[in-house]
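# Chains, contacts and geometry: an overview
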Amino acid sequence: QVRLVESGGGLVQAGGSLRLSCAASGHTFSSYNMGWFRQASEKEREFVAGIKWRSGYTYYGDSVKGRFTISRDNAKNTVYLQMNSLKPEDTAVYYCALEQSLVLHTSPDAYEYWGQGTQVTVSS
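Heads up: these notes are all about the structure in this document. Bear in mind that the values here come from a model prediction, so they are computed numbers and not experimental data.

What follows deals with the state of the cysteines. In this structure the tally under the stated criterion is one disulfide. Here Cys 22 is linked by a disulfide to Cys 96, with a sulfur-sulfur distance of 1.9 Å. Between Cys 22 and Cys 96, the S-S dihedral sits near 50°, and the bridge is therefore right-handed. A residue pair is termed long-range when its members are at least 10 positions apart, and Cys 22 in strand E3 (residues 18-25) and Cys 96 in strand E9 (residues 92-99) qualify at 74 residues. A residue is classified by how much of its surface remains accessible, and Cys 22, at 0% relative accessible area, is buried. Among the residues examined, Cys 96 registers a relative accessible area of 0% and is labelled buried.

What counts and what doesn't
- Residues numbered from 1 in each chain as written.
- Predicted model: local features only at pLDDT ≥ 70, side-chain atom pairs only at ≥ 80, totals over all residues.
- Heavy atoms only, no water.
- Disulfide = S-S within 2.5 Å.
- Helix = DSSP H or I, 4+ residues; strand = E, 2+ residues; numbered from the N terminus.
- Buried < 20%, exposed > 50% of the residue type's maximum accessible area, 1.4 Å probe, protein only.

Below, the structure written as structure tokens:
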């Protein structure tokens, strides 16, 4: 079965950086996308960034453009989220997700598989 395991969350001061990792296993999909989402307390799940696995095409949510970078390591089946210039409003549980699609979607409803989430807390 498909398994996604996130790591790298933690507590950081505003202006600092963190790198999240998400290791995928248990699938043989040929066309799929990986996305990072986040969910703050009492808020809806929000698209952060996505990457088309075959082409490497990336797309970002407006609130993180220029600060976050999504990348992948094909050999390790791992997707990363480098987060720089972190702000207190970036505090949330961050999830990675996988969708089988030729089109990269930003709605969480499009993603079939999810990791367990990792907490990111940014202090002011």
